[in-house]
Amino acid sequence: MNGEDHKAIPCGLCGRPIQPGDAIALYPITRPRQAGARVIWPSGEPSLELWRMKFVACIRGDCCKRGNDYAGHWDGQSLVPSYENGKTHGEAIAHRLFLNRCAG
Ligand SMILES: [Zn+2]
């Protein structure tokens, strides 16, 4: 791992550092956030409606209130998503329920 290329970033909510390898949450850009928060931009895929502008925050227990906001890991350069199209955990579950509605 190259120390110059892999960096901690500030949590978008509490400002504490998010280190490479830490799990992260994503929040809509419309929510209050700290200066310097890393913003995740849309991918440009017009069909990816859930992949809207978001910012990165930590998942510390006193910062991230809902596990549903978990989205992946910070690798020091970018988000490594845990769900397709950069969805959060909550969005991925909601989407899956919608797709499987006929089976219920
Ligand atoms: Zn935080």
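In this numbering scheme, every chain counts its residues from 1 along its sequence in written order. Per-residue local features are limited, in this predicted model, to residues with pLDDT of at least 70; the limit for side-chain atom pairs, both in listing and counting, is 80 or more; totals at the level of whole chains, interfaces and linings are taken over all residues.

### Digging into the overall build of the protein chain
- Numbering of helices and strands runs from the N terminus; a helix is a DSSP stretch of H or I covering at least four residues, while a strand is a stretch of E covering at least two. Broken down by element type, the protein chain carries 1 helix and 7 strands.
- In sequence order, the protein chain lays out its α and β elements as β-β-β-β-β-β-β-α.
- Neighbour density around each residue's C-beta defines its exposure: 20 or more other C-beta atoms within 10 Å make it buried, 12 or fewer make it exposed, and counts between make it partly exposed, where C-beta atoms are placed from the backbone. Split into buried and exposed, the 104 residues of the protein chain put 24% on the buried side.
- Considering only intrachain contacts with a sequence separation of at least 6, the fraction spanning at least 24 residues in the protein chain is 54%. Each residue is represented by a C-beta atom placed from its backbone, and any two residues with such atoms within 7 Å are regarded as in contact.

### Let's talk about the sheet that holds strand β7 (residues 79–81)
- Here a strand pair is declared whenever DSSP counts at least two bridges between the two strands. Strand order in the open sheet formed by 5 strands is β4-β5-β3-β6-β7, with antiparallel pairing between adjacent strands. Looking at the sheet topology across the chains shown, the edges are occupied by β4 (39–40) and β7.

### Some points on the nonpolar core
- One finds Ile18, Ile24, Ala25, Leu26, Val56, Ala57 and Cys58 to be the most contacted residues of the largest nonpolar core, which totals 15 residues.
- When residues of this core are traced back to their parent elements, those giving at least two are β3 (23–28), β5 (54–58) and β6 (70–74).
- In this view, leucine 26 contacts Ile40, Lys54, Val56, Asp69, Ala71 and Thr88; residues no more than four positions away in its chain are not counted. Think of a nonpolar core as buried Ala, Val, Leu, Ile, Met, Phe, Trp, Tyr and Cys residues, each tied to the set through C-beta atoms within 7 Å.

### What to know about the environment of tryptophan 41
- Within the secondary structure layout, tryptophan 41 lies in the loop between β4 and β5.
- Looking at tryptophan 41, the number of C-beta atoms within 10 Å reads 11, which means it is exposed.

### Quick word on the environment of aspartate 75
- As for its position among the elements, aspartate 75 is in the loop between β6 and β7.
- The sequence separation of aspartate 75 and lysine 7 amounts to 68 residues, and the corresponding C-alpha distance is 8.2 Å.
- With near-sequence residues (within four places) excluded, aspartate 75 lies in contact with His6, Pro20 and Val80.

### Description of the environment of cysteine 64
- Relative to the helices and strands, cysteine 64 resides in the loop between β5 and β6.
- Overall, cysteine 64 belongs to the buried group, with 20 C-beta atoms counted inside 10 Å.
- A C-alpha to C-alpha distance of 8.6 Å links cysteine 64 and leucine 13, two positions 51 residues apart in sequence.
- Among residues more than four places away in sequence, those in contact with cysteine 64 are Ala25, Ala57, Cys58, Ile59 and Asp69.

### Focus: the pairing of β6
- The pairing of β3 with β6 spans 3 bridges and is classified as antiparallel. In the sheet register, alanine 23 faces β6, and the bridge partner there is histidine 73.
- Strand direction decides the pairing type here: β6 and β7, joined by 3 bridges, are antiparallel. Bridge assignment links tryptophan 74 to a residue of β7, and that residue is leucine 79.
- Between the end of β6 and the start of β7, which pair antiparallel, lie 4 residues, with glycine 76 showing a positive phi angle near 100°.

Any functional reading would require information that these geometric values do not contain.
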